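Fold and geometry: a report
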Amino acid sequence: MVAFSGGLDSSVLLHLCASFLAGRGGAPQLVALHVNHAVHENAADWELHCARVCAALGVTFVARRAQLPDGISDGASEDVLRVARYREFEAFCLGTDLLLLAHQRDDQAETVLLRLLRGAGPAGLGGMPRTRVLGHTLLCRPLLALPRAGLLGYALAQGIVWVDDPSNALSGYDRSYLRTTIFPLLEQRWPGAGARMARTASHCAEAAQICAERAEQDLRAVCSNDALGLPCFVLEAWRRLPGPRALNVLRAWLERQAMSMDSRRLETVVSELIGAATDRQPLFASGGVQLRRFADRLYVVKASSSVFSAEPLGGMEPGYDGSLAGVGRVRLQNCAAGVRAGGNYSIGFRRPGMYCRVAGRPRKSLKKLLQELSVPPWLRDRVPLLFVDGELAAVADLCICDGFVADPGSAAVMLRWTPGEPDAQ
């Protein structure tokens, strides 16, 4: 699968692939995948050109229309168009496909310089990887080590005809500005600057790999589950790491939670979330995800479409096993020890002014009891409560109220709770 725009680079890549596979027995099918953004007045002509080139080469041609956000026009940013293009690549390619992109060494140099200007770290300065997974397929850039001048020479020698996107010459686009204005000056003063930048990308990619391997080791020390079984990031263990390693593992953990951070936002998390006073409950929001701190641990709370309802559920019987929106999995089970069996069972939730006397302990408010049980604040209203004949008998499987503990050897039930992801509030 060749990503085929009709420009110089992708035209050379398609020609190389078609020439290499021609006449080879058992060769895989070659497909040219063209994504039409439909934001330029010549977009239809470019698609027609690509179709004709593929017909002449005997290559299967597929065109897809990019889905852009409402209101996007000819002035769409490079990032918006790239995201839309890759979304089409991912949607079309199967797990058995190999997707080839025509990025070359000059593209890599531009990428490195752009990311340097944005303050990227080793992973960003590593540039575009030669291979990576995209959705279900493998993406590969086989021309990444070759200069644009080499591709131009090949195209001229082979009589390849390509289209030129006039936006490539517009200095309003960052890449175009670097390509037409900055890099000619750099090459004039420092010949081979582009090649050296590409080499720097390789060095940074190696350094980023070492950072990733170190983070994997450190994640085992700082990642755990709390008393409720919820995954969390343990700050006590994190603080024992040297500064650079601490930031490295925190960044890696956040990326796993779909919360990629630039340096500025990472500093905000460290200072305003981790560094907040111990009696506070700070929160950091990013899109539909929240980062919360409780009991010297970090939690990720993901927003969902579920709506929590505090309405009680009556008529419960042992054997009940269900998932409650915003609560998680709830099971009422027969067991050897727990709440004495018998009576009418129902499940409810905390209301203002509720009290509980845990067996063998003084009576206290349910609010304070849940604090002592280390239940995170955003879950306290969602803890399922077991009622027997209308009286509070147990707080999930965390504690049993006085007067409801089953005698040894007698029938008992227990309300088992596996917290799910609550809605971000």
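What counts as what
- Residues numbered from 1 in each chain as written.
- Predicted model: local features only at pLDDT ≥ 70, side-chain atom pairs only at ≥ 80, totals over all residues.
- Heavy atoms only, no water.
- Helix = DSSP H or I, 4+ residues; strand = E, 2+ residues; numbered from the N terminus.
- Buried < 20%, exposed > 50% of the residue type's maximum accessible area, 1.4 Å probe, protein only.
- Contact = heavy atoms within 4.5 Å.
- Salt bridge = Lys/Arg side-chain N within 4 Å of Asp/Glu carboxyl O.
- Phe/Tyr/Trp six-rings, centres within 6.5 Å; stacked < 30°, edge-to-face > 60°.
- Lys NZ or Arg CZ within 6 Å of the ring centre and 35° of its normal.

**Brief notes about the side chain of His49**
Here His49 shows up in helix H2 (residues 43–57). Residue His49 is classed as buried on the basis of its relative accessible area of 16%. Apart from residues no more than four positions distant in its own chain, His49 is found in contact with Gly6, Val161, Trp162 and Val163.

**Some remarks on the pattern of salt bridges**
Under the counting rule described, the total for this entry stands at 17 salt bridges. Notably, a salt bridge pairs Arg148 with Glu110, separated by 3.7 Å at the nearest N-O pair. In this pair, Arg148 is assigned in helix H6 (residues 148–158) and Glu110 in helix H4 (residues 105–117), connecting sequence segments 38 residues apart. Across the pair Lys364 and Glu372 runs a salt bridge, and its minimum N-O distance is 2.7 Å. Overall, Lys364 belongs to the buried group, its relative accessible area being 16%. One salt-bridge network, in which partners are shared between bridges, spans Asp106, Asp107, Glu110, Arg148, Arg175 and Arg179.

**Thoughts on the packing of aromatic side chains**
Throughout the structure, instances matching the rule amount to three aromatic pairs. Here Phe233 and Trp253 contribute two aromatic rings whose centre-to-centre distance is 4.8 Å and whose plane-to-plane angle is 40°, an arrangement assigned as tilted. With Phe233 in strand E8 (residues 231–234) and Trp253 in helix H10 (residues 243–256), this pair connects stretches of sequence that are 20 residues apart. For the pair shown, Phe233 and Trp253 are each scored as buried. Aromatic side chains Tyr299 and Trp378 sit 5.3 Å apart centroid to centroid with 70° between the ring planes, which places their arrangement in the edge-to-face category. Residue Tyr299 is located in strand E11 (residues 297–302), and its partner Trp378 is located in the loop between helix H12 (366–372) and strand E19 (385–388); the two are separated by 79 residues in the primary sequence. Here Tyr299 and Trp378 have matching classes, each one buried. In this structure, Arg24 packs its charged tip against the face of Phe20, placed 3.9 Å from the ring centre. Residue placement shows Arg189 over the ring face of Trp190; its charged tip is 5.5 Å from the ring centre.

Spatial relationships are all this shows, so hold off on functional conclusions.
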